[in-house]
Amino acid sequence: MEGAMIHLASDAESFSQPLLLERMAKAFSLDGQLAASPDFEFRQQQQRMARIVGSALDKTRSVVIEAATGVGKSLAYLLPAATFAVEQKRKAIISTHTINLQEQLVHKDIPIVQKLVEQGFKAELLKGRGNYLCPQRLEHAFRGTADLFTSSEHSEVKLIWDWSQTTTDGTLSDLDFSPSPRVWSQVCSEAHICTPRRCGGSRCFYQAVRKRLAEADVIVLNHTLFFTLLSSVEDLLPDDANFIFPNDFLIIDEAHTIENVAAKAFGIHISEGSLRYELQRLYHPKTRKGFFPHSGDEVGVRFVKEAIASMEDFFRAVEGSCTFQSLGREFRVRETGLTENNLAIPLHKLSERAKMAGDETKHETTRLELHDLANRLTAARNDIAAFLDQSEDDHVYWVERSSADNKAISMHSAPVDVSKQLGDLLFRPGRVSILTSATLGIGEGEPLEYFRKRVGGMETPAVCIDSPFDFSKQMKLYLVKGIPAPGTKEHEAALPKWIEHFLDLSKGRAFVLFTSYTQMNKIADEMADFFEKRGWQLLVQGRALPRHQMLAEFKRDTHSVLFGTESFWTGVDVPGEALSNVIITKLPFAVPDHPLTAARLEYITEHGGNAFMQYSVPEAILKLRQGVGRLIRSRKDHGICAILDNRVLSKPYGRAFINALPKCPTEIVG
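Anyway, here's the lowdown on the structure attached to this text. (Residues numbered from 1 in each chain as written. Predicted model: local features only at pLDDT ≥ 70, side-chain atom pairs only at ≥ 80, totals over all residues. Heavy atoms only, no water.)

1. Some remarks on the environment of P196
Threshold: The secondary structure listing takes helices from DSSP runs of H or I that are at least 4 residues long and strands from runs of E that are at least 2 residues long, numbered from the N terminus. Buried means the residue's accessible area, taken with a 1.4 Å probe over protein chains only, is under 20% of the maximum for its type, while exposed means over 50%, and partly exposed covers the values in between.
Structurally, P196 is set in helix α9 (residues 196-199). The exposure class of P196 is partly exposed, given its relative accessible area of 36%.

2. A closer look at the packing of helix α2 (residues 44-59) against helix α3 (residues 73-88)
Operational definition: Angles run from 0 to 180 degrees between N-to-C directions of axes, and those axes are lines fitted to C-alpha atoms, restricted for helices to the stretch in contact. In what follows, roughly perpendicular refers to angles from 65 to 115 degrees, roughly parallel to angles under 35, roughly antiparallel to angles over 145, and oblique to any angle outside these ranges. The sense of a crossing depends on the near helix, which, turned anticlockwise from the far helix by less than a right angle, makes the crossing left-handed and, turned clockwise, makes it right-handed. Any two residues whose heavy atoms approach within 4.5 Å are treated as being in contact. Polar here means any residue outside two lists: the nonpolar Ala, Val, Leu, Ile, Met, Phe, Trp, Tyr, Cys and Pro, and the charged Asp, Glu, Lys and Arg; Gly therefore counts as polar.
Contact geometry for α2 and α3: axes closest at 8 Å, N-to-C directions at 30 degrees. Put simply, α2 runs roughly parallel to α3. Like other packed secondary-structure pairs, α2 and α3 cross with a definite hand, here right-handed. Across the interface between the two elements, Q46, M49, A50, V53, G54 and L57 of α2 pack against K73, L75, A76, Y77, P80, A81 and F84 of α3. Split by residue class, the contact of α2 with α3 holds ten nonpolar, two polar and one charged.

3. A few points about the packing of aromatic side chains
Filter applied, for reference: Stacked, tilted and edge-to-face are the three classes applied to pairs of Phe, Tyr and Trp rings, where Trp contributes its six-membered ring and a pair requires centres within 6.5 Å; stacked means planes under 30 degrees apart, edge-to-face means over 60, and tilted covers the rest. Look at NZ for Lys and CZ for Arg. If either is within 6 Å of the ring centre and within 35 degrees of the ring normal, a charge sits over the ring.
Summed over all chains, the structure comprises 24 aromatic pairs. Centre to centre, the rings of F530 and F531 are 5.3 Å apart; their planes meet at 80 degrees, and the pair counts as edge-to-face. Measuring from ring centre to ring centre gives 5.6 Å for F589 and F612, while their planes differ by 25 degrees; the resulting arrangement is stacked. With F589 in the loop between β16 (581-584) and α25 (595-606) and F612 in helix α26 (residues 611-628), this pair connects stretches of sequence that are 23 residues apart. Every member of this aromatic cluster is reached through a ring pair, and the members are F514, F530, F531, W536 and F563. The aromatic ring of F568 is capped on one face by R547, whose charged end is 5.1 Å from the ring centroid. Sitting above the plane of the W569 ring, K623 keeps its charged end 5.5 Å from the centroid.

4. Comments concerning the pairing of strand β1 (residues 63-67)
Looking along a regular strand, one sees side chains alternate from face to face of the sheet. Selection rule: Two strands make a pair as long as DSSP finds a minimum of two bridges between them.
The buried fraction of β1 amounts to five of the five residues, a majority that puts the element mostly inside the structure. With four bridges joining them, β1 and strand β10 (residues 433-437) adopt parallel strand pairing. Bridging across to β10, E66 finds its partner in S437. Note: β1 against strand β11 (residues 462-465), four bridges, orientation parallel. Looking at β11, one finds that I65 is bridged to V463.

5. Some points on the sheet that holds β11
The seven strands lie next to each other as β3-β4-β2-β5-β10-β1-β11, forming an open sheet whose pairing is parallel. Bordering the open sheet on either side are β3 (123-125) and β11, each of which pairs with just one other strand. Averaged over all adjacent pairs, the angle separating strand axes in this sheet is 15 degrees, with direction ignored. Sheet topology places β3 next to strand β4 (residues 218-222); three bridges connect them, and they run parallel. Bridge assignment links A123 to a residue of β4, and that residue is V218.

6. Points about the nonpolar core
Operational definition: What is meant by a nonpolar core is a set of buried Ala, Val, Leu, Ile, Met, Phe, Trp, Tyr and Cys residues, joined one to another through side-chain atoms within 4.5 Å.
Counting residues in hydrophobic clusters, the biggest one holds 99 residues, and the most contacted among them are L282 and V399. Residues within four places of V399 in sequence aside, it is in contact with V318, C322, F324, R329, E330, F331, V333, L338, F387, I409, S410 and M411. Listed in part, the 45 residues of the second largest apolar core include Y450, F589, I604 and A611.

7. Here we look at unusual backbone geometry
Of note in this structure, K507 is not a glycine but carries a positive phi near 55 degrees. Structurally, the position occupied by K507 is in the loop between α21 (489-506) and β13 (510-513). Residue classification places K507 among the partly exposed positions, given a relative accessible area of 48%.

8. Considering the sheet that holds strand β9 (residues 408-415)
Taken in spatial order, the four strands line up as β6-β9-β8-β7 in an open sheet, and their pairing is antiparallel. The sheet is open, and its two borders are formed by β6 (268-271) and β7 (330-333), each paired with just one other strand. The sheet shows a mean angle of 20 degrees between the axes of neighbouring strands, taken without regard to direction. On top of the sheet, helix α13 (residues 272-282) reaches β6 and β9; it is set at about 65 degrees to β6, its chief contact. Packing against the sheet, helix α15 (residues 298-320) makes contact with β6, β8 (395-402) and β9, and its axis sits at approximately 70 degrees to β9.

9. As for the environment of P592
Tracing the backbone through its elements, the reader meets P592 in the loop between β16 and α25. P592 sits 72 residues away from C664 along the chain, and the two C-alpha atoms are 32 Å apart. Excluding residues within four positions of it along the chain, P592 makes contact with T597, A598 and L601.

10. A look at the pattern of salt bridges
What counts is decided by this rule: For salt bridges, the criterion is a side-chain nitrogen of Lys or Arg within 4 Å of an Asp or Glu carboxyl oxygen.
In total, this model carries 42 salt bridges according to the counting rule given. A salt bridge links E319 to R316, with the nearest nitrogen and oxygen atoms 2.9 Å apart. Taken together, the positions of E319 and R316, both in helix α15 and three residues apart, correspond to about one turn of that helix. Residue classification places E319 among the buried residues on the basis of a relative accessible area of 16%. Owing to a relative accessible area of 35%, R316 belongs among the partly exposed residues under this scheme. With its nearest N and O atoms 2.9 Å apart, the salt bridge here joins R543 to D525. Highlighted residues: R543 in the loop between β14 (538-540) and α24 (547-556) and D525 in helix α22 (residues 517-526), separated in sequence by 18 residues. For R543, a relative accessible area of 32% translates into the label partly exposed. Counted as one network, the salt bridges with shared partners bring together R137, E190, E278, R281, E369, D372 and R376.

11. Some remarks on the environment of F245
By secondary structure assignment, the location of F245 is in the loop between α11 (223-230) and β5 (249-252). Sequence separation between F245 and H140 is 105 residues; the distance between their C-alpha atoms is 32 Å.

12. A look at the packing of α11 against helix α12 (residues 258-265)
Between α11 and α12, the shortest axis-to-axis distance is 10 Å and the interhelical angle comes to 40 degrees. One finds that α11 runs oblique with respect to α12. In this structure, α11 meets α12 at a crossing whose hand is right-handed. Note on element contacts: α12 touches α11 through I258, V261, A262 and A265, opposite H223, T224 and F227. Of the residues belonging to the contact of α11 with α12, the class tally is five nonpolar, two polar and no charged.

13. Some points on the side chain of E400
Inspection of the secondary structure assignment puts E400 in strand β8. Excluding its chain neighbours within four sequence positions, the residues that come into contact with E400 are R329, E330, A408, I409, S410, H412 and H594.

14. Some remarks on the state of the cysteines
Basically, it comes down to this: Here, a disulfide means two cysteine sulfur atoms that sit within 2.5 Å of each other.
If you walk through the whole model with that rule in mind, you get zero disulfides. Not part of a disulfide, C134 finds its nearest cysteine sulfur in C199, a span of 3.7 Å. We note that C664 lacks a disulfide partner, and the nearest cysteine sulfur, in C641, lies 7.9 Å from it.

Take it as geometry only, folks, not as evidence of what the structure does.
What follows is the structure in structure tokens.
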């Protein structure tokens, strides 16, 4: 691509410089800057998206773009965003949902764009603060291991110390082992401990990132971190921040997940495990380690013992006040005062004691550690009170149990409707937010109306860009009419026969997508002989291999079959013959007994709407589109998709599902 660069306007030239829209049309044309690459393939759809993004930046307005698989949306927003960021001296914030997309942007797409922009630009991947090692905290932990850590924990600290001498990355993912959460929490960056004043002059990885962020033109992060930073009081966010930095602009990729990520970010989350963990940093009854024993504070030790006892009584009382279904994990709390708040006083006493102990110590790092713990205990006390009092009227509240024996209890809340909060955040006048995904629409009349309503962007322009793939030649859809209705024993009994039928058509090489772990495992056991006879490897989510290794093995073993649930419906890219068949066992309707889903349905009904048609069906259509979208990932891909749910044919709403799928040859069987 030598010589094929976009010329950036100087201040003097800026008045005569063509609009970004026009320059992007040229850049993505048959004889534009990108065409100099041997890998470039002209796509009218990609050029159109780049023009739309350029126009939005030119006019300082937001836009919502559905860019179907194959458009090449990453480059279509990266080149105009990077060009605009450098020319206007504004930062481009790019938020994604998955690690896979972050890695694609950082390691593949951004380096391509950097070759195209004449002046070059700096890009930085930002991870959550807790991912970065703080050498000052590490040194403090390393010197104080006798009183703070057990012998096995001390060994982990030593391994981290050795690693810290050679790492250039300094993040948890660079470690070649997984340290215990307790150990890592004592050595990672923390807002009130790892500060520019204390760590700015040292080899501190997080402070180094902060300096690079100040110079970066493009910053990549994930949705969860984006919302965390927005609500943060730490010094990363300046007072005049637009989103995260002054005068920045935002691109949200994988935007179909943003509503649920925001709902979680705007809510309350308190777990028995995390609270116990914070208390045990002060004093661990079994190991007798912690900050209080380290300083000889016997009163503090006694306060921790009292708080742990109160905590155990409190969470057992919470558990006893909930009526969980036999296999259910959640219980919705509809009224205040679920149980007596016997934790408020012990946590208050303990946080005050930790703060006082911090004030009295002469060691600055220890003082900051204790003050940080005091703040965490105060925050936990406030969250517990807010949960029990249900202080936010527009939130839904619930209790979860998890772990193998269902004894780990946590309390949660989330706003039922985040559209106003997101609308105020993303679409405020003077801000630029570009939201994009391969699946935002449900085939409605007004473009992307459902999605825009959910995120508060009804006044924001929306565009749908079709895929350049020829689905009429690359894909065939099978609909099974004769299979019994889903949710019945007869449907489950019929699944193996139909799965076998369609697997034989593709000689394995398939994803079989389920909506239930229990059903997936049952069907996998029943079909074991079938796979053995065919000589095809069966990979089942949750068995033996972690997700990324399952995918690697699936790609390696061409005829293998993968049974998956939630995480395999979306964000998985397997181009080529390894994936030639996607079998949908059931339309992916959200389970209405999750408290947040149930509350959203109730909210629509209470406001005079049809909850099933206005929420359940659209959400299921979006997820079905995601699942089917795993099949065709390149122009060379060919394959079949089978839907083993007769509701697409027997129910009035079934046509909406079919209409939302790619237009391709369709055969009704059974």
